[in-house]
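Below, each chain spelled out in residue letters.
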Amino acid sequence: MKEEVRLMKGNEAIAHAAIRYGVDGYFGYPITPQSEILETLEAEMPWETTGMVVLQAESEVAAINMVYAGAACGKAVMTSSSSPGVSLKQEGISYIAAGELPALIVNVMRGGPGLGTIHPSQADYFQATKGGGHGDYHLIVLAPSTVQEMADFVTLGFDLAFKYRTPAMILADGIVGQMMEKVVLPPARPRRTDEEIARQCPWAITGRPATRKPNVITTLELDTAQMERNNERYQRTYHVIEQNEVRYEKFMTEDADYLIVAFGSMARICQKSIEEAREQGIKIGLIRPITLWPFPYQAIKELSDKVKGILVVELNAGQMIEDVRLAVEGNLPVHHFGRLGGIVPNPQEVLEAFNNKFPDAKK
Amino acid sequence: MTIEEIIKPENRVYAKPRLLNDNNMHYCPGCSHGVVHRLIAEIVEEMGIEDKTIGIAPVGCAVFAYNYVDIDWIEAAHGRAPAIATAVKRLNPSRMVFTYQGDGDLAAIGTCETIHAANRGENIVIIFINNGIYGMTGGQMAPTTLEGMKTSTTPYGRRIDLNGYPLNITSLVAQLDGTCYVTRQAVHTPAAVRKTKNAIKQAFQNSMDGKGTSLVEIVSTCSSGWKMTPVQANKWMEENMFAKYPLGDIKNTVKQ
Amino acid sequence: MKEEIIIAGFGGQGVLSMGKILAYAALMDGLEVSWMPSYGPEQRGGTANVTVILSDSPISSPILNTFDTAVILNQQSLDKFEDAIKPGGTLIYDPYGVNRPPKRTDITIHRIDAMEATFDMENAKAYNMVVLGALLKAKPMVPMASVIKGLKKTLPERHHHLIPMNEEAITRGMALIP
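Residues numbered from 1 in each chain as written. Chains lettered and ligands numbered in written order. Predicted model: local features only at pLDDT ≥ 70, side-chain atom pairs only at ≥ 80, totals over all residues.

1. A few points about the overall build of chain A
Next up, step 1: Looking only at helices and strands, chain A features 14 helices and 15 strands.
Next up, step 2: The C-alpha atoms of chain A give 21 Å as radius of gyration, which agrees with the globular expectation for 363 residues (21 Å, within 12%).
Next up, step 3: Principal-axis analysis of the C-alpha atoms gives chain A an extent of 75 × 50 × 35 Å.
Next up, step 4: Considering chain A as a whole, with its 363 residues, one finds that 56% of them fall into the buried category.
Next up, step 5: Contacts in chain A between residues far apart in sequence, at least 24 positions, make up 78% of those at least 6 positions apart. (Helix = DSSP H or I, 4+ residues; strand = E, 2+ residues; numbered from the N terminus. Rg over C-alpha atoms; globule rule 2.2 N^0.38 Å. Buried ≥ 20, exposed ≤ 12 C-beta atoms within 10 Å, placed from the backbone. Contact = placed C-beta atoms within 7 Å.)

Right under this line is the structure:
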């Protein structure tokens, strides 16, 4: 398959990008608003072409454990779900992190808590970035704002997951999952052979050849001294990721008097608010964290020296704002605007909220 | 015969399988796990499939199975072994994949994964150690605990009105179209051990041949949990466990 | 060039697929596009709407509070979106589903009898293509050739024999606006 320009939903783009990346296995369970990922994969039948395994599991719990299993075999494996389903996966995600295994998990967020709503939300920020399961671990969290990024972050997510032997998450929402846009799908690359996997992942479970000792993937260690050393090793990896993998995008920050911080599809809505604000002479800039973990503390800190105030806009009651406040260390006022329960504010609402929080900006 | 003569290779009647390593097992005296571990090591060696065998360890007493048999292992979250085996086998169809699970792991927290893996007819083997109790956590009631049986969470004996009936999961699994071989065995006598060995061997062959799901239940003792000597426990098992969980093949659709 | 469009009606009227064909046509024409549906458990009979944006520069928000053009196929949608049309904008509506005509005087209003035209065609499935034809006549934002390309991309291969029928429906729709 060559590079191809298509119009498709974000969810569909993830499925097509997975096939083209050479993913070995997808294990999922239906839940709105992300079922198109599994549906597209089943319709495309990649087992006939690339040999990719696609399986509708009996539950989200089974699906994430299948991912743990595939990752233990050194395979490129992934799952996807939406908020309630991702809650169910948390134990398995903790095991994948503890097993130092590469894997990709997609969360197309919907409003919670509980069964909540099927409509868009960003209320799983804490769960994704602060370790949703038990124990001291992190996921690399990528927040796409376009259908193109939905496709691109499959590649980026797997590349980072294998580079650091740690799970990565695409934290999307119902908007970017359900909307259609132009997407340039990359040319397909072949799945890795068993020999390549054995070379790249000498720790992988393959069946033990006579030439090596048994490989065991376990997350149990009853020797506390050893368990502390394991934890220290995880933390060293996270530290390297924090040094190397922070990603963000700036929009009109050069001359900005104020700053909006927003991620995912909310950042695009805010871009339009900023365009409208500038027509009224209010100079707002935007910083969009692309990696929510590691978070761009330094970039926000630097911008905070140049602006008078920050508005954090999220589809939740105030989650990323805690990281923004940590970044600016009390330097300047940081306010929050969010809608809850699946309601998405339009650009004008965001601008009104900005004007309410910063009445001096209009002067 | 002198010791020197006894240990001559031609006089040897039994040797520890090469794949069973020298680590000291943590199992209690009289426990069935050691015997079943040895059988697995022996069979994998005899079939010449150590480079193709992948084991899935459970949560429970056998959580450390990977410390004793020198093959590749994945340690599963509690109850999830059949889901893990599913993915390993689907992603590596040429491999022989088996789970090793106790009654709590397989028939309580993991019932969903057990039923669905078997119902899909995954080409895996489930080795099921049923001793009617949670051993590792200190002797609590299991789904397979017999009526009236005392455990730390049924200190006056299991009551049907409070705790429901003992779960015959193996008979349940045998009803599923995805299973090709379902059998119940024990390892309390040399004859029983030989039968169990044949059963596991057939199950492993079924996985290699892609015949569907095989489940080998091994009715076992837990002398510590049952608070008996190993000899008493074997006797109690014969008199009580076998009545509820009778030995023999329940289903075999594969021609021998 | 930038065109911000809302298409709204009942589920089952083909609102989403009409938006998709329009978006694909614009994509074929080299434009940036976004297609943002309302989504919910209602498949048929519930309200459905889709925001389609066509632009020659990258699109920021896929969610809008005001629109250049509104295509309205039922009363609930008219109630919801009439005030969201920008002054000087365009409203296209089918009186078949609307019992209170629009009140705005600062916009261009096209009343199209698309359902009647569809009845004449004796093919209820052509309804959304008739409406699309009217939209393209009122606002010629993409050429017909691109629309046909869009149809080819949107329809599965086994339905490609239906393209001439769709083309006819679009032509009939165009004729609804003088």
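2. A word on the overall build of chain B
Next up, step 1: The secondary structure content of chain B amounts to 10 helices and nine strands.
Next up, step 2: Taking 256 residues into account, the globule formula puts the C-alpha radius of gyration at 18 Å, and chain B, at 18 Å, falls close to it.
Next up, step 3: Overall, the C-alpha framework of chain B stretches about 60 × 50 × 30 Å when taken along its three principal axes.
Next up, step 4: Across the 256 residues that make up chain B, the buried fraction comes to 53%.
Next up, step 5: Sequence separation of 24 or more characterises 67% of the internal contacts of chain B that already satisfy a separation of 6 or more.

3. What to know about helix 3 (residues 114–121) of chain C
Residues lying three or four places apart along an α-helix face the same way, a consequence of the helix completing one turn every 3.6 residues.
All names here are of chain C.
Next up, step 1: Taken as a whole, helix 3 has its buried residues at A114, A117 and T118. Along the axis of helix 3, the buried residues cluster in a sector spanning 100 degrees; they form a single face.
Next up, step 2: Just downstream of helix 3, E122 is the residue with a positive phi angle, here 55 degrees. (Arc of directions from axis to C-beta.)

4. Describing the domain arrangement of chain A
All names here are of chain A.
Next up, step 1: According to the domain assignment, chain A consists of domain 1 (4–195) and domain 2 (249–362).
Next up, step 2: Centre-to-centre, using C-alpha coordinates, domain 1 lies 28 Å away from domain 2.
Next up, step 3: If you look at the interface, domain 1 gives 25 residues, while domain 2 gives 20 residues.
Next up, step 4: Among the elements of the structure, helix 6 (125–129), strand 6 (140–142), strand 7 (168–173) and helix 8 (174–178) are those that each provide at least two residues to the side of domain 1 that touches domain 2.
Next up, step 5: Counting residues per element, the side of domain 1 that touches domain 2 draws most heavily on helix 6, which supplies four residues.
Next up, step 6: A class-by-class count of the residues in the side of domain 1 that touches domain 2 yields 15 nonpolar, eight polar and two charged. (Domains from an automatic or database assignment. Nonpolar A, V, L, I, M, F, W, Y, C, P; charged D, E, K, R; others polar.)

5. Here's the deal with the interface of chain A and chain B
In many reports, interface size means the accessible area that the parts give up when they come together.
Next up, step 1: At the junction of the two partners, chain A supplies 33 residues and chain B supplies 28 residues.
Next up, step 2: Within the residue set of the side of chain A that touches chain B, elements represented by two or more residues are strand 2 (25–28), strand 3 (53–56), helix 4 (60–72), helix 5 (83–98) and strand 9 (216–217) of chain A.
Next up, step 3: Per-element accounting of the side of chain A that touches chain B gives the leading share, seven residues, to helix 4 of chain A.
Next up, step 4: Taken together, the residues that form the side of chain A that touches chain B break down as 18 nonpolar, 10 polar and five charged.
Next up, step 5: Pairing geometry for strand 9 of chain A and strand 2 (residues 72–75) of chain B, over two bridges, is parallel. When the bridges of strand 2 of chain B are listed, I217 of chain A appears paired with I74 of chain B. (Pairing = 2+ DSSP bridges.)

6. Details of the nonpolar core
Next up, step 1: In this structure, M66 and V67 of chain A together with I84 of chain B are the most contacted members of the largest nonpolar core, which totals 245 residues.
Next up, step 2: Mapping this core onto the domain boundaries places at least three of its residues in each of domain 1 (4–195) and domain 2 (249–362) of chain A.
Next up, step 3: Excluding residues that lie within four positions of it along the chain, I84 of chain B makes contacts with N65, M66, Y68 and A69 of chain A together with I56, I74 and A76 of chain B. (Core = buried A, V, L, I, M, F, W, Y, C linked by C-beta atoms within 7 Å.)

7. A short note on the confidence of the model for chain B
Next up, step 1: Residues at a pLDDT of 70 or more form 100% of chain B, whose mean pLDDT is 96.
Next up, step 2: What the predictor reports for the complex is a pTM of 0.95 with an ipTM of 0.95. (pLDDT = per-residue confidence, 0-100.)

8. Here we look at the arrangement of the chains
Next up, step 1: In this assembly, two pairs of chains are in contact, and the pair with the greatest number of contacts comprises chains A and B.
Next up, step 2: Nowhere do chain B and chain C come into contact; their C-alpha atoms are at least 28 Å apart.

9. Describing the interface of chain A and chain C
Next up, step 1: Listed per partner, the contact involves 18 residues of chain A and 18 residues of chain C.
Next up, step 2: Sorting the residues of the side of chain A that touches chain C by element identifies helix 8, strand 8 (180–185), helix 11 (264–279) and helix 14 (347–357) of chain A as the ones contributing at least two each.
Next up, step 3: The element best represented in the side of chain A that touches chain C is helix 11 of chain A, accounting for five residues.
Next up, step 4: In the side of chain A that touches chain C, the residues fall into nine nonpolar, four polar and five charged.
Next up, step 5: Pairing of strand 8 of chain A with strand 2 (residues 32–37) of chain C, which is carried by two bridges, proceeds in the antiparallel orientation. Bridging across to strand 2 of chain C, E181 of chain A finds its partner in S34 of chain C.

10. Remarks on the packing of helix 5 (residues 144–154) of chain C against helix 6 (residues 163–175) of chain C
Residue and element names in this part refer to chain C.
Next up, step 1: Contact geometry of helix 5 with helix 6 gives a least axis separation of 11 Å together with a crossing angle of 140 degrees. Taken as axis vectors, helix 5 and helix 6 run oblique relative to one another. For the pair helix 5 and helix 6, the sense of crossing is right-handed. Packed against helix 5, whose contacting residues are V147, I148, L151 and K152, the element helix 6 presents I163, N166, E167 and I170 at the interface. (Axes fitted to C-alpha atoms, helices over the stretch in contact; angles between N-to-C directions. Parallel < 35°, antiparallel > 145°, perpendicular 65-115°, else oblique. Left-handed = near helix turned anticlockwise from the far one by under 90°.)

11. Side note on helix 4 of chain A
Residue and element names in this part refer to chain A.
Next up, step 1: Here helix 4 contains 13 residues, and its C-alpha end-to-end distance of 18 Å stays within 8% of the 18 Å for a straight helix at 1.5 Å per residue.
Next up, step 2: Counted residue by residue, helix 4 has 13 buried out of 13 residues, so it is predominantly covered.
Next up, step 3: G74 occupies a position one or two residues after helix 4 and carries a positive phi of about 75 degrees. (Expected span 1.5 Å × (residues − 1).)

12. Concerning the sheet that holds strand 5 (residues 104–109) of chain A
Residue and element names in this part refer to chain A.
Next up, step 1: Strand order in the open sheet made by the seven strands is 3-2-4-5-7-6-13, with mixed pairing throughout. Where the open sheet ends on each side, the last strands, each with one partner, are strand 3 and strand 13 (291–293). Pairwise comparison of adjacent strand axes, ignoring direction, gives a mean angle of 20 degrees for this sheet.
Next up, step 2: Here strand 6 pairs with strand 13 via two bridges, running antiparallel. Looking at strand 13, one finds that L142 is bridged to T291.

13. Observations regarding the pairing of strand 8 of chain A
All names here are of chain A.
Next up, step 1: Counted residue by residue, strand 8 has five buried out of six residues, so it is predominantly covered.
Next up, step 2: Sheet topology note: the strand 1 (residues 4–9)/strand 8 ladder contains six bridges and is antiparallel. Among the inter-strand pairings, V5 is bridged to a residue of strand 8, identified as V184.

14. Considerations on unusual backbone geometry
Residues other than glycine predominantly adopt negative phi, and peptide bonds predominantly adopt the trans conformation.
All names here are of chain A.
Next up, step 1: The omega torsion across T32 and P33 is 5 degrees, close enough to zero to call that bond cis.
Next up, step 2: Take P33: it is sitting in the loop between strand 2 and helix 2 (35–44).
Next up, step 3: A cis amide bond links G112 to the next residue, P113, at an omega of -5 degrees.
Next up, step 4: If you check the backbone angles, E100 has positive phi at about 50 degrees while not being a glycine.
Next up, step 5: Summarising the element assignment, E100 is placed in the loop between helix 5 and strand 5.

15. Section: the packing of helix 11 of chain A against helix 14 of chain A
Residue and element names in this part refer to chain A.
Next up, step 1: Viewed as axis vectors pointing N to C, helix 11 and helix 14 meet at an angle of 65 degrees, and their least axial separation amounts to 8 Å. Between helix 11 and helix 14 lies a crossing whose hand is right-handed. Here I269, C270, K272, S273, E276 and A277 of helix 11 lie close against helix 14, whose contacting residues are P347, V350, L351 and F354.
Next up, step 2: Class assignment of the residues belonging to the contact of helix 11 with helix 14 gives a composition of seven nonpolar, one polar and two charged.

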